[in-house]
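Inside the fold
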Amino acid sequence: MDNATPMLKQYHEIKRQYPGTILFFRLGDFYEMFYEDAVLGARELEITLTARNKERGNPIPMCGVPYHAATSYIAKLVRKGYRVAICDQLEQPGKGTKLVKREVVRVITPGTAIDAQLLDGKENCYLASVCGNGSAMAVAFVDISTGEFLATEFSGEQAWGKLLQEIERFAPKEILYPKALEALISPSKPKETSDISVGVFAGAPATGLDDWNFDYERSNSLLLSSFKVASLDGFGLAGKKAAIASAGAVLAYVRETQKEAAAHISGINYYEPTNYLILDSATVRNLELVESIDGSRRNTLLATIDQTETGMGARLLRQWLLRPSVNIGELNARLDAVTEAKQSTIMRDKVRRELSSVQDLERLLGRVSLGIANPRDLNSLKSSIATIPAIKQHLSEADSSLLAVLRDDLEELADIREMIEAAIADEPAVNLADGGVIREGFNKELDELRAIRKNAQGYIAAVESRERERTGISSLKVKFNNVFGYFIEISKANLKNVPSDYERKQTLVGAERFTTPELKEYESKVLGAEEQIIEIEQQLFQTLRRAIAEQTQRVQRVAQIFAMLDLLFSMAEIAAKYRYCRPTLHQGEEIMLKASRHPVVEQQGEPFIPNDLYINNTTHRLLIITGPNMGGKSVYLRQIALVSILAQIGSFVPSDEAKIAIVDRIFTRVGASDNLARGRSTFMVEMIETANILNTATARSLVLLDEIGRGTATFDGLSIAWAIAEYLHDNPSHAAKTVFATHYHEMTELAKLLPGVRNYQMAVKEPASQIVFLRKLVEGAASKSYGIEVARLAGLPQPVIERAKEILANLEANELDLTGKPKLARHLPSRGVDWKQQPSLFDAVNSSVLDELRSLPVELLS
């Protein structure tokens, strides 16, 4: 460091202020990385690693990327979980300037991304902040690209588990935590740890902050000043100290990284998870709500029903699917709106056509507030606002209360539209430095400078003509070069005619060069015009951007209305397109579906067989579903859940008729997977998920179980499955509505023992020794599982199929020897196995047992 150049000393000083980041240090046309940053950056970005000061024997690792293409490189690092600090030059290098002023203008992290390359238009980018002491926990979520801000807290023995569940539901891109929670959170670190290595917690990059960042008093003061209020009670935060501490920490982090006040985060919403239908991570995964089992987004419920026209509407749909409502009044208002939009085809088409030209107002406003919106962003804002009058007109005849409220609340924002229209050119440059941003006629001084730049040649020609006439020197020329600027050139032969007001500027072999006060003044104007044009345009644009930012809450309200309208009309489009019916919602116990369908599977091209459902909390509390593999049991279970979820977001459902009780939780235990990284087998994962269901289900819950107990020995599995079924039927606090699909046909006996159990089966046909899956649910219990037939369809060799049939026949006939093995095995000595090696109870090898039996005093036994 002692021998470091002034530039490197500056680098080290800035780097010290931003530990844990990769520093992009602006040098001319490049962002450079040095030392450890360079080694990591070269590896992760796959660019060349070079070195500085090699000739001095002290090489400094170095790599760089062009500043105009830096966004893509930064995005690549941030997607991998790194934090990138952008250090820019704050002044232009000039004559005599040894070191330009540099400063970090923004820190980009996975949870604070706002650039389009880092954002998915249909998904929120949440930054989370957790704090607490284990028995009292809080979490806050903020999406700085939209301004959405939420918080909640938990207490009691289950606080930590509930917090993890909430984090899984929101799936934040980055999580902040106080270092006091390091032991509890214990974020996993890569093997090669360093100052800039990324810890991971709950699947997201985790950033530990000093504990003082979560101080209640500090957080409370920051939130009050940010929201310009005297109390946080109006946001539902009365007495919620942990939630306030968490929210303040995350807002302070946003301000620190963005170097802006982030005024578009203008309020916070405290919520209780019980305000929503709770879906745990296993259920979200099993039902493939937003992501398929293979990780893709195809063939999910979200992909199937998303007909939204805007990113705002798409994000709202995702939020509703992951957090369905339990408020029946709210849901019926949505259903009324969807009903009207479905029936009014012309209104629906017109509103959707207007919405298709609306840009993402939430994220545009975020960019405006953070000071990074460009001129084209403002024009996008203007064009989106311009659709409001037409949308209001199309909604003028709407009768449903929700559509009417949205229409009446939709402010036209004419002042903002006119402000942008007056100031910004129709096709402005993206970058302010390129000029041409401000519309002609908006600013007199700017117009004069542009005229000077445009008319320079004509002006010089006019000066040249006038001076020739005044001096009588026909060869007089007015010229320009980069060294001397504008000058008048006169040959030596005509020097006697030079006017007294000419000032000598340069002597040449055959001529002299002069200037005049007028020419000097004009030169100053022309040469400074370009620079002044850029400077004035930047000032005018920034003034306009700040003026729009001051209207944040008005624009946010319009964005929220656009999102809601988009989603309601999207659900109406789906209902009309796929023949969905309006569900009747109630607070009772019954769920009744007629001819219900799986919304995703029915779109796969093959004819779909609809099925009915009737379930309640008394006579039909536990439905036992038996039938063959491939018979449709798993699809049936999933479609019940998906229909309920669709109803509780306010959507029509894929059914001919639907009467649906509002449920508080939906649990699914469907499919098999392991978690070897955490030392859990498939069966252990199954039991953990089942334990969660049994411990947390209520009478208002819906439980869907598929093949519980199949991952262990037959008798063990049957015993567990039987006990679980009894518990779900009998336990007064956990007696949920349950659908239980199983291959354990013995469980159908429960219908004879328990009053709320009913047996159903997936029907099959067996013409000519074949099997046809009807995929139709009928009453009764299946007599067998047809597993061997499914194995045959899968292509198992015929000898295996025939042998399996022989063994099955003996097993079903209960032909077991006294050791519990199939007697059929004794009938096949030709297979080269000496079956006599398997002793029976009466073989000589067990003579000691026989001797003991002979000596028993039978007459004394009771």
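Right above here is the structure, for reference.
Rules used in this analysis
- Residues numbered from 1 in each chain as written.
- Predicted model: local features only at pLDDT ≥ 70, side-chain atom pairs only at ≥ 80, totals over all residues.
- Heavy atoms only, no water.
- Helix = DSSP H or I, 4+ residues; strand = E, 2+ residues; numbered from the N terminus.
- Contact = heavy atoms within 4.5 Å.
- Patch = residues over 30% accessible without salt bridge, like charges linked within 9 Å, V, L, I, M, F, W, Y side chains within 5 Å.
- Areas by Shrake-Rupley, 256 points an atom, 1.4 Å probe, with all protein chains shown as cover.
- Salt bridge = Lys/Arg side-chain N within 4 Å of Asp/Glu carboxyl O.
- Buried < 20%, exposed > 50% of the residue type's maximum accessible area, 1.4 Å probe, protein only.
- Core = buried A, V, L, I, M, F, W, Y, C linked by side-chain atoms within 4.5 Å.
- Pairing = 2+ DSSP bridges.
- Axes fitted to C-alpha atoms, helices over the stretch in contact; angles between N-to-C directions.
- Parallel < 35°, antiparallel > 145°, perpendicular 65-115°, else oblique.
- Left-handed = near helix turned anticlockwise from the far one by under 90°.
- Nonpolar A, V, L, I, M, F, W, Y, C, P; charged D, E, K, R; others polar.
- Expected span 1.5 Å × (residues − 1).
- Arc of directions from axis to C-beta.
- Phe/Tyr/Trp six-rings, centres within 6.5 Å; stacked < 30°, edge-to-face > 60°.
- Lys NZ or Arg CZ within 6 Å of the ring centre and 35° of its normal.

For the rest of this paragraph, the subject is the environment of L413. Tracing the backbone shows L413 in the loop between α16 (401-409) and α17 (414-423). With 141 residues separating them along the chain, L413 and R554 place their C-alpha atoms 7.9 Å apart. Setting aside residues up to four positions removed in sequence, L413 forms contacts with I385, I388, R554, V555 and V558.

For the rest of this paragraph, the subject is a nonpolar patch on the surface. Residues L853, L856, V858 and L861 make up a contiguous nonpolar surface patch of roughly 380 Å² in combined accessible area. A relative accessible area of 48% places L853 in the partly exposed class.

Below, the discussion takes up unusual backbone geometry. Of note, N299 is a non-glycine position whose phi angle comes to about 60 degrees, a positive value. When you line up the elements, N299 lands in the loop between α8 (281-287) and α9 (301-305). Look at N299 and you get partly exposed, because its relative accessible area is 39%. A positive phi angle is found at E707, which is not glycine, with a value near 60 degrees. Structurally, the position occupied by E707 is in the loop between β25 (702-706) and α24 (714-730).

Counting 109 residues, the largest nonpolar core has L289, I424, F562 and I625 as its most contacted members. Here this core gets 15 residues from one element, more than from any other, and that element is helix α21 (residues 552-578). Residues contacting I424, with those up to four places away along its chain left out, are P375, L378, N379, V437, I438, R439, F541 and L544. Ranked by size, the runner-up nonpolar core spans 33 residues in total, among them L127, L237, A249 and A252.

Here we come to the sheet that holds strand β2 (residues 30-34). The strands that make up a sheet pair up through hydrogen bonds in the backbone, lying either parallel or antiparallel. In space, the six strands of this open sheet follow the order β3-β4-β2-β1-β5-β6, with mixed pairing throughout. Only two strands of the sheet have a single partner each, and these edge strands are β3 (50-52) and β6 (102-108). Direction aside, the axes of adjacent strands within the sheet are offset by 35 degrees on average. Note that strand β1 (residues 22-27) and β2 share three bridges and pair antiparallel. The partner of F25 across the bridge, within β2, is E32. Contacting β1, β2 and β4 (60-66), helix α2 (residues 35-45) crosses the sheet at an angle of about 50 degrees to β4.

Position of L361 relative to the elements: it lies in helix α13 (residues 361-369). Overall, the relative accessible area of 0% leaves L361 in the buried class. On a C-alpha basis, the gap between L361 and N332 in space is 28 Å, while along the polypeptide they are 29 residues apart. Excluding residues that lie within four positions of it along the chain, L361 makes contacts with M312, L381, S384, V558, A559 and F562.

On to the pattern of salt bridges, then. Per the stated rule, a full pass over the model turns up 47 salt bridges. Ionic pairing is found between R504 and E512, a salt bridge with its closest N-O pair at 2.9 Å. Classification of R504 by relative accessible area gives exposed; the value is 55%. By relative accessible area, E512 is classed as buried at 6%. Through salt bridges with shared partners, a single network forms among D120, E123, K173, R297 and R318.

Here we take up the sheet that holds strand β26 (residues 737-741). Taken together, the seven strands give an open sheet; going across it, the order is β14-β24-β25-β26-β22-β27-β28, and neighbouring strands pair in mixed fashion. At either margin of the open sheet sits one strand with a lone partner, and together these are β14 (278-279) and β28 (772-779). When strand β22 (residues 622-626) meets β26, the two strands line up parallel, connected through four bridges. Looking at the pairing, L623 lines up with V739 of β26.

Two numbers describe how helix α14 (residues 375-385) lies on α17: the axes approach to 9 Å, and their chain directions differ by 135 degrees. Here α14 is positioned oblique relative to α17, judged by the angle of their axes. Read as a crossing pair, α14 and α17 show a hand that is left-handed. Of α17, the residues touching α14 (which contributes L378, N379, L381, K382 and I385) are I416, R417, I420 and E421. Within the contact of α14 with α17, the residues separate by chemical class into five nonpolar, one polar and three charged.

Next up on the list: α24. Look at α24: 24 Å from first C-alpha to last across 17 residues, which is about the 24 Å you get at 1.5 Å a residue. Of all the residues in α24, the buried ones are G717, L718, A721, I724, A725, L728 and H729. Down the axis of α24, the smallest arc covering the buried residues is 130 degrees, so these residues share one side. Close packing links the buried residues of α24 with β22, α23 (682-696), β25, β26, α25 (750-753) and β27 (757-765).

Along β1, five of the six residues are buried, which leaves the element largely enclosed by surrounding structure. Looking at chain direction, β1 and strand β5 (residues 84-89) are connected through four bridges and run parallel. The partner of F24 across the bridge, within β5, is I86. Where β1 folds back on β2, the antiparallel hairpin that results is connected by two residues, among which G28 adopts a positive phi of roughly 65 degrees.

Per the stated rule, a full pass over the model turns up 18 aromatic pairs. Ring centres of Y11 and F34 lie 5.1 Å apart, and the angle between their planes is 75 degrees; on these two criteria the pair is classed as edge-to-face. Of this pair, Y11 sits in helix α1 (residues 6-17) while F34 sits in strand β2, and the two are 23 residues apart along the sequence. Residue F34 is classed as buried on the basis of its relative accessible area, which comes to 0%. On the numbers, 5.9 Å between centres and 50 degrees between planes, the contact of Y502 with F514 is tilted. With a gap of 12 residues between them, Y502 in the loop between β16 (485-491) and β17 (503-507) and F514 in strand β18 (residues 511-515) connect regions that are remote in the sequence. Residue Y502 is classed as buried on the basis of its relative accessible area of 7%. Above the face of the Y67 ring, R26 is positioned so that its terminal group lies 4.0 Å from the ring centre. For R710, the ring lying beneath its charged end belongs to Y744, and the centroid distance is 5.2 Å.

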